[in-house]
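Here's the letter readout for the chains.
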Amino acid sequence: MTGERAITIRYMVVLGIFAAAIVAFTLHAIETPNQLGRPEFLTGYVMFGLMLGVALLNARKRLSMVPVGRAAYWLALHVLGGFLIIGLYFVHTQRIWPQGGFERAFAMLVYLVTASGIYGYVIQRFIPRRLTTSGIEIIYERIPAELARIRREAEEIALACTKEAGTDTLARHYLESLSWYFRRPRFFLGHVFALESGEHWVRFQVQTIERYLSEAERRHLAKLEALALYKDRIDFHFVGQSLLKYWLLVHVPLATALLAMMFWHIIVINVYAL
Amino acid sequence: MASVAFMARPQRWDAPFGPAMTDADVARLMTLPEIAAIKADNFPAHTPLADIVKNDTRLVRYEPGDIVVREGDYGNSAFLVISGKLRVVLAPDLPRATIGRQESRRKGFFEALAQVWTNRVMPEVRGAVRQTSQQVRAGDDLAGSRVVLQDVPAVLSRHKTAELGASALFGELAALGRVPRTATIFAEEPAELLEIRWQGLRELRKYDMGWRRLIDERYRENTLKVALRESSLFQGLSETELQEVADAVLFETYGGFDWNVSFKRMREQGSVAQEPVIAREGEYPDGVLMVRAGFARVAVKIGNGQRTLTYLGAGDLYGIDELWAARNGSEVSLQTSLSALGYVDVLRVPAPVLERFVFPKMQAPPRPLIEMAARPLSADAPMEWAVEQRFINGTKAMLIDLSLCVRCDDCVRACASTHGGNPRFIRHGRTFDHWMVTNACMHCADPVCMIGCPTGAIHRSIGSGTVVINDETCIGCGTCAGSCPYHNIRMVETRDGDGKLLRDPDSQRPIVKATKCDLCETSPGGPACVRACPHDALRRVDFRSESTFRSVR
């Protein structure tokens, strides 16, 4: 079974489970006489349970040594559970933007967690495909070392050119312009939006210096250009993999804060509203 | 200006099997009845008998209880008993723990869960007791270490054994046929053995009729008829007919037994390995070739290259399509070529034998190999790549779909938490299109890593066939890691309970152990890496299966 089909089937299965749960929950809510006359309690506690449920994905990641189901199913539960929570939130509050400072902060967190979750899911579906088109694969933690190696090689090319040709034209251009590029990952936004800014910049630099070089020096320039374009692909991986890693630094703390506020909300409601 | 460095051209015997062999040893060995009976004149000038004895053999001494070969081991050498007494265990088999194997026991749920708090902060922590197994007797060097039976009299009383004395030859079929050893043999008394590596054994078989007859007859007696009976080609033949086929079959070997060494070197240099041709497109077939061990590539010429149509493994047939067509009146030369992917052992069944015994009872072959050439080139690109990289050896290769993988390393962390804090693979490897075969043990069909392990610590698990390492009998010699052509075995430095690096008090060198993926053999639920991937990007695949290639097209 291909990956795409597996994902579709998995989500359909989880969706089916949720749909069945919603139907059962609705029937139960209709049938059960609510002595409090306050349906918010039911929706609130269901939402609380769901929130704890989706948060368990994080625990699943730490329990890889025991057979607690495939993480792929846990992720499907997490994603679809998240959508269910936002739906229940509207049913629970009956409005999009509530009144009161605490409620507004709570609503803000719900929206931010949902938005960051959707953002994370979407980039996880698109960025890997884009990364494969680069033609290279590199482990994120190895990127700094690889960039250092590229920079060393670039400097060696510039020095070899000076030594061989007896002129410092290329080395001077390297110091003035190219060294900036080789120093660290560049054109972050260009890579985010696939603008090919890095490639364009490299070609511009090559055109700028090419007219002043002899045939022998141009051979060194060609090597330098190939190296710069290779670095551009490494930069692309750096940006793509950074996006894939760091969105969680927004989503997880916000979700933790939301859970904390929810606990406080439940305490307050139980103490003052009952 | 580029300078030129000079060095002597590497020669076959630059690295002799037994570096300690002296001329006096060789002179003594040449007087052994089994060697003295060989006609030295039959050997070519570039491969004289005396040089074979000097460079392709070595003298090994065993103390009582020392295990010489273990059942299930892969080996590349045969043994000739010079003096002393050995015992071969017939029945029942020795317990696996007794011969230094790992007793694989799957953990229970709570035992596995306990790893959450029992895993150490520092990786590769071993208890000091576990460092040196009582079963291992140290040798002059690491490779000379061996596993020892603790109580030989008890073994002799509880197990049926047979005696092997001077002049006994054993291990030649496993060495030449690339098959596991079929029995465990240990020393009952101090014994001196002549160990002959496969290259020397091949030459002896090639140039001396006596050795050839001995080896071939043993093969015919022990395994040939079983192999023929298992082949669909010979179904329905009576015992007498099968015997006649067996008598006519020729044995052939192509490629090097140590293909992994040259392949590894060429892979690192980015060049393509040269493959010995077994049969060439356009030639006339004189018989059917049946692969007995190893892999062979079926290819057709296209443009200036060879296009891989498929590859053949143990039991597969080549040349039957053409011979069948010729029988039906059309004169057909070979439509495809066959070349060895590393080491291949083939049986050649002559055409007249087929004509007499097989074809009269046979249905038409289902689908000629050449029909595969009708597929578009792109459809076979993944297989072409897998063959070139020798991934076809993998039965449980870790394949990652990079278009789904979000590089979260959950698989790596899952592996680490299941294996005491250090992952058993690297999420990196060769890529093709959007697929990556990572540096994780592939549990090969031809496990070259298992050849040469002095204590048999690396072995196949009896239940699952998974290649595992017994940490207690691993002496850290690195033979397996050096042999693996895919760089999938890693030597790790071990630590004591306090997290301090363990060192040998004499040499001050770190105590290292070989580690690799064991498919979570002892964990409940199977490979943690597969279960941990939230995007279903990772799976374990059998590259010998057609369905694997269908799924990656």
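Residues numbered from 1 in each chain as written. Chains lettered and ligands numbered in written order. Predicted model: local features only at pLDDT ≥ 70, side-chain atom pairs only at ≥ 80, totals over all residues.

### Thoughts on the overall build of chain A
The cut-off we apply is this: Put simply, DSSP H or I for four residues or longer makes a helix, DSSP E for two residues or longer makes a strand, and each gets a number counted from the N terminus. The globule rule used for comparison is 2.2 Å times the number of residues to the exponent 0.38, while the radius of gyration itself is calculated over C-alpha atoms.
Looking only at helices and strands, chain A has ten helices and zero strands in total. What you see in chain A, going N to C, is helices and strands ordered as α-α-α-α-α-α-α-α-α-α. Relative to the globule expectation of 19 Å for 274 residues, the C-alpha radius of gyration of chain A, 27 Å, shows a markedly less compact shape. The principal-axis extent of the C-alpha atoms belonging to chain A is close to 95 × 45 × 30 Å.

### Let's talk about helix 2 (residues 39-61) of chain A
Residue and element names in this part refer to chain A. Where we set the bar: Expected helix span is computed as 1.5 Å times (number of residues minus one). By definition, a residue's bend is the angle between the axes fitted to the seven residues ending there and the seven starting there. A residue is called partly exposed when the number of other C-beta atoms within 10 Å of its own lies between 12 and 20, exposed at 12 or fewer, and buried at 20 or more, with C-beta atoms placed from the backbone. With C-beta atoms placed from the backbone, a contact is any residue pair whose C-beta atoms sit within 7 Å.
With 23 residues, helix 2 ought to run about 33 Å at 1.5 Å a step, and its terminal C-alpha atoms sit 35 Å apart, in line with that. Largest kink in helix 2: about 25°, centred on A55. Those residues of helix 2 that fall on the buried side of the exposure criterion are T43, G44, M47, M51, V54 and R60. Here the buried face of helix 2 lies against helix 3 (71-93) and helix 10 (248-273).

### Brief notes about the interface of chain B and chain A
Going by this rule: When residue character is reported, Ala, Val, Leu, Ile, Met, Phe, Trp, Tyr, Cys and Pro are called nonpolar, Asp, Glu, Lys and Arg charged, and the others, Gly included, polar.
With 33 residues of chain B in contact, the opposing surface of chain A contributes 24 residues. Of all elements in the fold, only helix 4 (109-113), helix 5 (115-118), helix 15 (410-418), strand 18 (426-432) and helix 17 (528-532) of chain B reach the threshold of two or more residues within the side of chain B that touches chain A. If one sorts the elements of the side of chain B that touches chain A by residue count, helix 15 of chain B sits on top with four residues. Here the side of chain B that touches chain A is built from residues that sort into 16 nonpolar, eleven polar and six charged.

### Concerning the sheet that holds strand 18 of chain B
Residue and element names in this part refer to chain B. Definition in use: Two strands make a pair as long as DSSP finds a minimum of two bridges between them. Between the N-to-C directions of two axes lies an angle of 0 to 180 degrees, each axis being a line fitted to C-alpha atoms and, for a helix, fitted only over the stretch in contact.
Strand order in this open sheet of four strands is 18-19-17-24, and the pairing throughout is antiparallel. Two strands bound the open sheet, and with one partner strand each, they are strand 18 and strand 24 (538-541). In this sheet, adjacent strand axes meet at a mean angle of 40° when their direction is disregarded. In this sheet, strand 19 (residues 435-439) lies alongside strand 17 (residues 397-401) in antiparallel orientation, the contact comprising three bridges.

### Quick look at the domain arrangement of chain A
Residues and elements named next belong to chain A. Put simply, the rule reads: Note that domain bounds follow an automatic or database assignment of domains.
The assigned domain composition of chain A is domain 1 (3-134 + 246-273) and domain 2 (140-244). Computed over C-alpha atoms only, the centres of domain 1 and domain 2 are separated by 45 Å. Taken residue by residue, the interface counts eight residues in domain 1 and seven residues in domain 2. Here the side of domain 1 that touches domain 2 takes five residues from helix 4 (residues 101-132), the largest share from any one element. Here the side of domain 1 that touches domain 2 is composed, by residue class, of five nonpolar, two polar and one charged.

### Describing unusual backbone geometry
Cis rather than trans, the peptide bond between A91 of chain B and P92 of chain B has omega equal to -15°. Locating P92 of chain B in the fold gives a position in the loop between strand 4 (86-91) and helix 4.

### Examining the sheet that holds strand 10 (residues 191-197) of chain B
All names here are of chain B. Strand order in the open sheet formed by four strands is 1-10-3-8, and the pairing between neighbours is antiparallel. Each edge of the sheet is formed by a strand with only one pairing partner; in this case those strands are strand 1 (57-62) and strand 8 (169-170). Helix 8 (residues 198-207) contacts strand 1, strand 3 (77-83) and strand 10 of the sheet and is inclined by roughly 80° relative to strand 10.

### A look at the pairing of strand 16 (residues 337-350) of chain B
Residues and elements named next belong to chain B. For strand 16, a buried count of 13 out of 14 residues is recorded, marking the element as mostly surrounded by other parts of the structure. Judged from the five bridges that link them, strand 11 (residues 250-254) and strand 16 form a sheet pairing that is antiparallel. Bridge pairing in strand 16 links F251 to L347. Pairing analysis gives twelve bridges linking strand 13 (residues 287-302) to strand 16, with the strands arranged antiparallel. Its bridge partner lying in strand 16, A296 is registered against A340.

### Some remarks on the domain arrangement of chain B
Residues and elements named next belong to chain B. Partitioning chain B into domains gives domain 1 (10-93 + 144-208), domain 2 (231-374) and domain 3 (387-552). Each of domain 1 and domain 3 was reduced to a C-alpha centroid, and the two centroids are 32 Å apart. Listed by partner, the interface residues are eleven residues for domain 1 and twelve residues for domain 3. In terms of residue class, the side of domain 1 that touches domain 3 is made up of two nonpolar, five polar and four charged.

### Focus: the nonpolar core
To keep things clear, this is the line we draw: By our criterion, buried Ala, Val, Leu, Ile, Met, Phe, Trp, Tyr and Cys residues that link up through C-beta atoms within 7 Å make up a nonpolar core.
Membership of the largest hydrophobic core comes to 148 residues, with the highest contact counts inside it found for V68, A296, M398, I458, C529 and C533 of chain B. When residues no more than four places from it in sequence are discounted, the contact partners of I458 of chain B are C449, M450, C453, V467, I469, C480 and A514 of chain B. In this structure, Y174, Y181, V202 and L224 of chain A belong to the second largest nonpolar core, which totals 15 residues.

### Re the confidence of the model for chain B
What counts, and what does not: A residue's pLDDT is the confidence the predictor assigns to it, expressed on a 0 to 100 scale.
On average, residues of chain B carry a pLDDT of 86, and 94% of them reach 70 or more. Confidence metrics for the complex model read pTM 0.84 and ipTM 0.88.

### Thoughts on helix 11 (residues 259-269) of chain B
All names here are of chain B. Applied cut-off: Throughout, the arc means the angular range of directions from the helix axis out to the C-beta atoms.
For helix 11, the set of buried residues is W259, N260, F263 and K264. With its buried residues spanning 125° around the axis, helix 11 presents them on a single face. Of the exposed residues in helix 11, those oriented more than 90 degrees away from the buried face are R265, E268 and Q269. Check the buried side of helix 11 and you find it contacts strand 16 and helix 16 (479-483).

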